[in-house]
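Residue-level structure breakdown
Chain by chain, the residues:
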Amino acid sequence: MSMAMSEPGPTAATSGLEGVIAATTTLSKVDGTNGRLTYRGYNIYDLAQTTTFEEVAHLLWFGHLPNRKQLTRLMARFAAERSIPNNVMQIIRALPTSTEPMDALRTAVSAWGAGAISGKPTIDQAIALTARFPLFLAAFERTRQGHEPLQPQPKLGLAANFLFLLTGEVPKDEHVKGLNSYLVLLADHGMNASTFTARIVASTESDIVSAVVAAIGALKGPLHGGAPSKVQDMLRAIGTVENAAPWLRAAIARGERLMGFGHRVYKTEDPRSVALREMARVTDPQGFLLARHVEELALELLQQQKPGRRIYTNVEYYFATMMGSLGLSGDLFTPTFAVSRCAGWTAHILEQIHNNRLIRPDAEYTGTAEQRFIPLEKRP
Ligand SMILES: CC(C)(COP(=O)(O)OP(=O)(O)OC[C@H]1O[C@@H](n2cnc3c(N)ncnc32)[C@H](O)[C@@H]1OP(=O)(O)O)[C@@H](O)C(=O)NCCC(=O)NCCS
């Protein structure tokens with residue numbers, strides 16, 4: 001692990017590892033100062049508007065966008081992997097209905113890996129895993145709602161299949177487009193906490209499923225991926241445009257963090273939230289009006305509270321608005337993030353093992369200096 005040029009020397013502990021360069025990658029470039037994000041050099045605006053999630057997964061795994069033939073081949077490989085073994089389905093069915101979907105996903109992925117995966121991580125394994133994320137989640141969602149899990153539709157892509165498996169209805173084009181763009185926008189994002197987690201596990205020469213299960217655990221936390229349902233809770237609690245000012249003022253006065261605001265890397269608008277804002281405007285015009293008002297007011301109040309602080313809306317904020325319009329339960333938002341990020345995690349795992357060295361940083365010891373040992377019977 002090396003330090004960025006402007007950072008303190010390698011012996012100093014950096015809070016939250018901010019500014020520490022932990023790996024080299026050719027997958028995505030996050031430019032937090034200028035609010036730009038590229039995957040292998042392609043701007044995410046172009047990708048989100050014109051490509052499918054499968055094309056972006058191909059870009060991350062194989063290093064280039066697919067031509068039509070390559071895409072057809074990848075889609076066929078995805079379709080061939082769309083099944084849940086009986087033993088994993090039994091485990092999903094046995095989960096209490098109170099289980100959080102992220103926990104259900106983590107459990108299903110781990111159970112599936114126990115029988116299906118061994119050896120060094122491969123692209124085939126990455127495809128097998130990514131194809132199954134929507135299936136595991138939809139099977140759990142259907143089961144907890146008291147319905148039978150559905151069979152995937154071979155002709156639908158990953159985004160459309162996910163919506164179909166959740167609702168039992170062939171989804172509207174604009175909903176598929178909205179979800180697909182979200183999946184494209186979230187697929188990779190530099191050395192975020194869950195990707196770092198996946199790379200650490202991969203660096204020990206563990207298997208791909210263990211690395212992905214660990215990443216799911218990291219993504220679950222509200223400071224990383226667990227915020228969108230909390231954004232929805234916040235917008236519901238605010239309820240009306242009139243209530244926004246008193247609600248936000250009181251929350252800020254209590255020192256609470258506003259969910260969907262702030263980012264470790266972006267010190268300007270998160271380019272993904274800019275793209276999602278436009279989608280939310282189309283998919284949920286009603287919800288958008290409140291969300292936009294709350295956003296503008298919150299940014300103004302946060303500025304007043306501490307002038308010069310650079311806080312902007314993050315990617316979770318408009319995703320919450322957009323997802324609400326798809327009719328999905330709030331607790332499915334973070335697992336949907338995981339569906340997308342599985343492509344990035346697995347691409348990073350493959351990149352890590354390609355030129356591997358065990359990730360093993362140091363800790364700066366700040367405890368007591370060496371002391372004389374006292375046997376149990378003599379301790380005061
Ligand atoms: C994302 C997040 C964890 C980044 O944290 P970080 O890089 O460690 O930022 P810090 O905790 O150092 O915060 C810097 C300052 O901004 C403030 N701040 C950061 N996010 C804030 C928020 N959402 N609401 C209010 N204040 C916030 C902090 O209180 C701190 O203020 P201070 O300088 O007066 O102490 C943080 O912004 C956050 O908790 N956001 C809310 C949760 C969220 O939306 N998560 C999804 C992430 S995509």
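Each chain has its residues counted from 1, running along the sequence as written. Selection of residues for local features in this predicted model requires a pLDDT of at least 70, selection of side-chain atom pairs for listing and counting requires 80 or more, and totals for whole chains, interfaces and linings are taken over all residues. To obtain the side-chain values, all non-hydrogen atoms of the structure were used and water was disregarded.

1. Describing the site of the ligand
Which entries qualify depends on this criterion: When we say a residue is near a molecule or strand, we mean one of its heavy atoms is within 4 Å of it. By the criterion applied in these results, polar contacts are pairs of N or O atoms within 3.5 Å in which, for protein atoms, one can donate a hydrogen and the other can accept it, and in which residues neighboring in sequence qualify only through two side-chain atoms. All accessible areas in this document rest on Shrake-Rupley with a 1.4 Å probe, and a residue is counted as covered only by the protein chains that are shown. Each residue gets one label: Ala, Val, Leu, Ile, Met, Phe, Trp, Tyr, Cys and Pro are nonpolar, Asp, Glu, Lys and Arg are charged, and the others, such as Gly, are polar.
Near the ligand, the surroundings consist of 18 residues, among which Arg257, Leu258, Phe261, Arg264 and Asn314 are the closest. Here proline 222 contributes a backbone N or O atom positioned 3.3 Å from a nitrogen atom of the ligand. Glycine 260 is positioned with one of its backbone polar atoms (N or O) 2.9 Å from an oxygen atom of the ligand. Coverage of the ligand by the protein chains reaches 72% of its 870 Å² of free accessible surface. Per-class residue counts for the shell around the ligand are eight nonpolar, five polar and five charged.

2. Brief notes about the nonpolar core
Operational definition: Nonpolar core, defined: a set of buried Ala, Val, Leu, Ile, Met, Phe, Trp, Tyr and Cys residues in which side-chain atoms within 4.5 Å join the residues together. Exposure classes here rest on a 1.4 Å probe applied to the protein chains alone. A residue is buried below 20% of its type maximum, exposed above 50%, and partly exposed in between. In this text, helices come from DSSP runs of H or I with a minimum length of four residues, and strands from runs of E with a minimum of two, each type numbered from the N-terminal end. When checking whether two residues touch, look at their non-hydrogen atoms; a contact exists if any pair is within 4.5 Å.
Judged by nonpolar contacts, the single largest core of 110 residues is most densely connected at Trp61, Val109, Phe133 and Trp345. The element best represented in this core is helix α6 (residues 123-144), accounting for 12 residues. Look past the residues within four positions of valine 109 in its chain and what remains in contact with it is Leu129, Phe133, Phe136, Val209, Val212, Val213 and Ile216.

3. Points about the environment of arginine 281
With respect to the helices and strands, the residue arginine 281 is situated in helix α13 (residues 271-283). On the accessibility criterion, arginine 281 (39% relative accessible area) is partly exposed. Linking arginine 281 and methionine 322, residues 41 residues apart in sequence, is a C-alpha distance of 8.3 Å. Within the structure, arginine 281 has its side chain in polar contact with the side chain of glutamate 278 (distance 3.2 Å).

4. A few points about the confidence of the model for the chain
Where we set the bar: Confidence of the predictor at the level of single residues is given by pLDDT, which spans 0 to 100.
Residues of the chain with pLDDT of at least 70 account for 97%, and the chain-wide mean is 92. Segment residues 1-9: pLDDT under 50, and 16 contacts once partners within four positions in sequence are set aside and those in other chains are kept.

5. Observations regarding the packing of helix α9 (residues 193-203) against helix α10 (residues 208-220)
Heads up, the rule is: Note on definitions: angles span 0 to 180 degrees between N-to-C directions of axes, and those axes are lines fitted to C-alpha atoms, for helices only across the stretch in contact. What sets the label is the angle itself: under 35 degrees gives roughly parallel, over 145 gives roughly antiparallel, 65 to 115 gives roughly perpendicular, and the rest give oblique. Note: crossing handedness is left-handed where the near helix turns anticlockwise from the far helix by less than a right angle, and right-handed where it turns clockwise.
Between α9 and α10, the shortest axis-to-axis distance is 8 Å and the interhelical angle comes to 155°. One finds that α9 runs roughly antiparallel with respect to α10. Seen along the crossing, α9 lies across α10 with a hand that is right-handed. In this structure, α9 contributes Ala193, Ser194, Thr197, Ala198, Val201 and Ala202 to the contact, and α10 contributes Ser210, Ala211, Ala214, Ala215, Ala218 and Leu219. Its residues placed into classes, the contact of α9 with α10 shows nine nonpolar, three polar and no charged.

6. Observations concerning the sheet that holds strand β3 (residues 28-31)
Inclusion rule: At least two DSSP bridges between two strands are needed for those strands to be called paired.
Reading across from one edge, β3-β4-β5 is the order of the three strands in this open sheet, with antiparallel pairing throughout. Two strands bound the open sheet, and with one partner strand each, they are β3 and β5 (42-43). Direction of pairing for strand β4 (residues 36-39) relative to β5: antiparallel, over a ladder of two bridges. Of the residues in β5, the one forming a bridge with tyrosine 39 is tyrosine 42.

7. Concerning the pattern of salt bridges
Put simply, the rule reads: Any carboxyl oxygen of Asp or Glu within 4 Å of a side-chain nitrogen of Lys or Arg constitutes a salt bridge here.
Tallying each qualifying case throughout the model produces 17 salt bridges. Between glutamate 81 and arginine 132 there is a salt bridge whose closest N-O contact spans 2.7 Å. With glutamate 81 in the loop between α3 (68-80) and α4 (86-94) and arginine 132 in helix α6, the pair connects residues that are 51 residues apart, well separated along the chain. Using a relative accessible area of 7% as the deciding quantity, one classes arginine 132 as buried.

8. Looking at the packing of aromatic side chains
Inclusion rule: Only Phe, Tyr and Trp rings take part, Trp by its six-membered ring, and two of them pair if their centres are within 6.5 Å. Stacked means planes under 30 degrees apart, edge-to-face means over 60, and tilted covers everything else.
The full count for this structure, using the stated rule, is six aromatic pairs. On the numbers, 3.4 Å between centres and 10° between planes, the contact of tyrosine 182 with phenylalanine 319 is stacked. Of this pair, tyrosine 182 sits in helix α8 (residues 173-186) while phenylalanine 319 sits in helix α15 (residues 315-325), and the two are 137 residues apart along the sequence. Given the relative accessible area of 1%, tyrosine 182 is considered buried. For phenylalanine 319, a relative accessible area of 0% translates into the label buried. With a centroid separation of 5.1 Å and 55° between ring planes, the pair formed by phenylalanine 261 and tyrosine 317 is classed as tilted. Of this pair, phenylalanine 261 sits in the loop between α12 (241-253) and α13 while tyrosine 317 sits in helix α15; the two residues are 56 residues apart in sequence, bridging distant segments of the chain. As far as burial versus exposure is concerned, phenylalanine 261 and tyrosine 317 are alike and both buried. One aromatic cluster is present, built from ring pairs that chain together Phe261, Phe288, Tyr317 and Tyr318.

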